[in-house]
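Breakdown of the fold
Chain residues, written in single-letter form:
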Amino acid sequence: MHELAITESVIDLINRESREKGFKKVLGISLRVGEYSGIIPECIKEFFPIAARDSIAQGAELEIISLPAAFRCMECGYEGAVSRKEACCPRCQSRGIRMISGREFYVDSLKVE
Ligand SMILES: [Zn+2]
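Residues numbered from 1 in each chain as written. Predicted model: local features only at pLDDT ≥ 70, side-chain atom pairs only at ≥ 80, totals over all residues. Heavy atoms only, no water.

Further remarks concern the sheet that holds strand β4 (residues 79-80). Spatially, β4-β3-β5 is the arrangement adopted by the three strands of the open sheet, whose pairing is antiparallel. Sheet topology places β4 and β5 (97-101) at the edges, where each strand pairs with a single neighbour. Pairing geometry for strand β3 (residues 70-73) and β4, over two bridges, is antiparallel. Directly across from Phe71, in β4, lies its bridge partner Gly80. (Pairing = 2+ DSSP bridges. Helix = DSSP H or I, 4+ residues; strand = E, 2+ residues; numbered from the N terminus.)

Encoded structure:
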């Protein structure tokens, strides 16, 4: 039910925006979901029609774009992807890596009327 709550929070956010900006209908929503956000895009898609029912986002087209995670190596300064299985720097094999992106979850854009 995790994803249902998340999907509902997206609808809440859209409702707030609509009050602030005065739009009446949402035609399209574009979400960005980080690889390590713990959010499964397929579940969001599944719950969206339920969460959006009777809201201004009902019937809106939902686009979800996955963002790959990026890491920084504290040893050699490498920045980029790291294999989930190996969990070490691909350049120097250090385990001193820190995630710099990949936990994002946000509404990137709304198409409104
Ligand atoms: Zn390294």
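From this point, the discussion proceeds with the structure in view.
With that settled, consider the sheet that holds strand β2 (residues 61-67). The mixed open sheet is built from three strands, whose spatial order is β2-β1-β6. Each having just a single partner strand, β2 and β6 (105-112) make up the two edges of the open sheet. The average angle at which neighbouring strand axes cross in this sheet is 15°, direction not considered. Where strand β1 (residues 26-34) meets β2, seven bridges bridge the pair, whose relative direction is parallel. Within β2, the position partnered with Val33 by the bridge is Ser66. Along the sheet, helix α1 (residues 2-21) makes contact with β1 and β6, crossing β6 at roughly 50°. Here helix α2 (residues 41-52) sits on the sheet and contacts β1 and β2; the angle it forms with β2, its principal contact strand, is near 165°. (Axes fitted to C-alpha atoms, helices over the stretch in contact; angles between N-to-C directions. Contact = heavy atoms within 4.5 Å.)

What follows deals with the coordination of the zinc ion. Every protein donor of the zinc ion is accounted for by Cys73 (SG), Cys76 (SG), Cys89 (SG) and Cys92 (SG), and the metal-donor separations fall at 2.3 Å. Bound by four donor atoms, the zinc ion shows angles of 107 to 114° at the metal and therefore tetrahedral coordination geometry. We note that the donor set of the zinc ion lies within a single chain, spaced as C-x2-C-x12-C-x2-C. Among the residues examined, Cys73 registers a relative accessible area of 3% and is labelled buried. (Donors = N, O, S within 2.8 Å, 3.2 Å for Na, K, Ca; no water. Tetrahedral: all angles 85-135°; square planar, octahedral: opposite > 155°, others 65-115°. Buried < 20%, exposed > 50% of the residue type's maximum accessible area, 1.4 Å probe, protein only.)

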